[in-house]
Amino acid sequence: MKTIGEYQVLAEGISLEEYLAGDPPAVLLHHSALDALEPLGGAPGSTRNRLALTDSPHRRLPGAVPRGEAYTVFPLEDKTGRDRDEFLIGCGTASDVYLSDGAVSREHAWIERRGEGYFVRDNASTLGTRVNGTVIRAGEEHRLAAGDRVSLGPVDLLFLPPIEFFRFVSRFLAK
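How each quantity is defined
Residues numbered from 1 in each chain as written. Predicted model: local features only at pLDDT ≥ 70, side-chain atom pairs only at ≥ 80, totals over all residues. Heavy atoms only, no water. Buried < 20%, exposed > 50% of the residue type's maximum accessible area, 1.4 Å probe, protein only. Helix = DSSP H or I, 4+ residues; strand = E, 2+ residues; numbered from the N terminus. Pairing = 2+ DSSP bridges. Core = buried A, V, L, I, M, F, W, Y, C linked by side-chain atoms within 4.5 Å. Contact = heavy atoms within 4.5 Å. Axes fitted to C-alpha atoms, helices over the stretch in contact; angles between N-to-C directions. Salt bridge = Lys/Arg side-chain N within 4 Å of Asp/Glu carboxyl O. Expected span 1.5 Å × (residues − 1).

Participant: I keep staring at the pairing of strand 13 (residues 149-152) and nothing clicks. Help me out?
Facilitator: If a strand is regular, its side chains alternate between the two faces of the sheet. With burial as the criterion, each face of strand 13 is covered, one bearing R149 and S151 and the other bearing V150 and L152. Of the strand pairs in this sheet, strand 10 (residues 129-131) and strand 13 are connected by three bridges, and their pairing is antiparallel. Directly across from R130, in strand 13, lies its bridge partner S151. Summarising the sheet, strand 13 and strand 14 (residues 155-160) pair through four bridges and their orientation is antiparallel. Following the sheet pairing, R149 is matched in strand 14 by L158. Taking the residues between adjacent antiparallel strands as the criterion, strand 13 and strand 14 are bridged by two residues, where G153 takes a positive phi near 60°.

Participant: Can you help me understand the nonpolar core in this one?
Facilitator: Soluble globular proteins tend to bury their nonpolar side chains together. Among the nonpolar cores identified, the biggest contains 21 residues, and L28, L76, L99, I111, L144 and F159 are the most heavily contacted of them. Ranked by the residues each element gives to this core, the list is headed by strand 14, at three residues. When residues no more than four places from it in sequence are discounted, the contact partners of L99 are F74, I89, G90, C91, V104, L152, V155 and L157. In terms of nonpolar packing, the next biggest core, distinct from the first, is built from 17 residues, Y7, V27, F165 and F168 among them.

Participant: I'm lost on the environment of C91 in this one. Help?
Facilitator: Residue placement: C91 occurs in the loop between strand 6 (86-90) and strand 7 (97-98). Linking C91 and G102, residues 11 residues apart in sequence, is a C-alpha distance of 7.3 Å. With near-sequence residues (within four places) excluded, C91 lies in contact with Y98, L99, D101, V104, S105 and R106.

Participant: When you look at the sheet that holds strand 1 (residues 2-3) in this model, what are you seeing that I'm missing?
Facilitator: Consider a sheet: its strands pair through backbone hydrogen bonds, and that pairing is either parallel or antiparallel. The seven strands lie next to each other as 1-5-2-14-13-10-11, forming an open sheet whose pairing is antiparallel. Here the strands that pair on one side only, and so sit at the sheet edges, are strand 1 and strand 11 (134-136). Contacts between helix 2 (residues 162-173) and the sheet are confined to strand 2 (27-30), strand 5 (72-75) and strand 14, with strand 14 contributing the most and set at about 105° to the helix.

Participant: It is not clear to me how the sheet that holds strand 6 should be interpreted in this structure. Could you clarify?
Facilitator: The sheet built from five strands is open, its strands ordered 7-6-8-9-12 with mixed pairing. Two strands close off the open sheet at either side, each with one partner strand: strand 7 and strand 12 (141-144).

Participant: When you look at the pattern of salt bridges in this model, what are you seeing that I'm missing?
Facilitator: Oppositely charged side chains may form a pair once their charged atoms are brought near each other. By the definition in use, this model includes seven salt bridges. With its nearest N and O atoms 2.6 Å apart, the salt bridge here joins E141 to R114. Placement of E141 in strand 12 and of R114 in strand 8 (residues 109-114) is noted, with a sequence separation of 27 residues between them. Each of E86, E112, R114, R121 and E141 takes part in one network of salt bridges that share partners.

Participant: Teacher, can you tell me more about the environment of L157 here?
Facilitator: Within the secondary structure, L157 sits in strand 14. Judged by relative accessible area, L157 falls into the buried class, the value being 0%. Linking L157 and L28, residues 129 residues apart in sequence, is a C-alpha distance of 5.7 Å.

Participant: Looking at this structure, how should I read helix 2?
Facilitator: Note: α-helices contain 3.6 residues per turn, so residues at a spacing of three or four share the same orientation. Across its 12 residues, helix 2 extends 16 Å between first and last C-alpha, which sits within 8% of the 16 Å expected from 1.5 Å per residue. In terms of burial, helix 2 is largely enclosed, as nine of its 12 residues are buried. Among all positions in helix 2, only P162, E164, F165, F166, F168, V169, S170, F172 and L173 are buried.

Put into structure tokens, the structure is as follows:
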């Protein structure tokens, strides 16, 4: 778990090519103002898809958009340095993505990387897993696209592949 401010270098001159050359992981992004983020332009999951802060009839922006440090970034990477393709999300200490929310199950869901794609599956959690509001039944999987909202009980996370995370951070933290 990191703050988005730890990625300031992405807004200060590193190129997208340099960033991608390091084989960065996809991330899950969390913040209480997440409802103000939605994909704009292009089809969901396309590289033309962009995340922007919006104000619409069903989503109201907070009076002041919080500073970047308030966002929590969960890189989908192994903490021990081993190369892995499956990541456990939950409130248990063995979780790769640890969410300290009592409504999140100990082993709530899995995210699996297969080639260039990422898939989420519920692990028979108590309050369930949803992607963009659609319930994912225990054992079922759903392919994730850039900007998908992954909900684990009451906790909403935004899925961003490396290229979209770079673009989001570059814009968000730009001075």
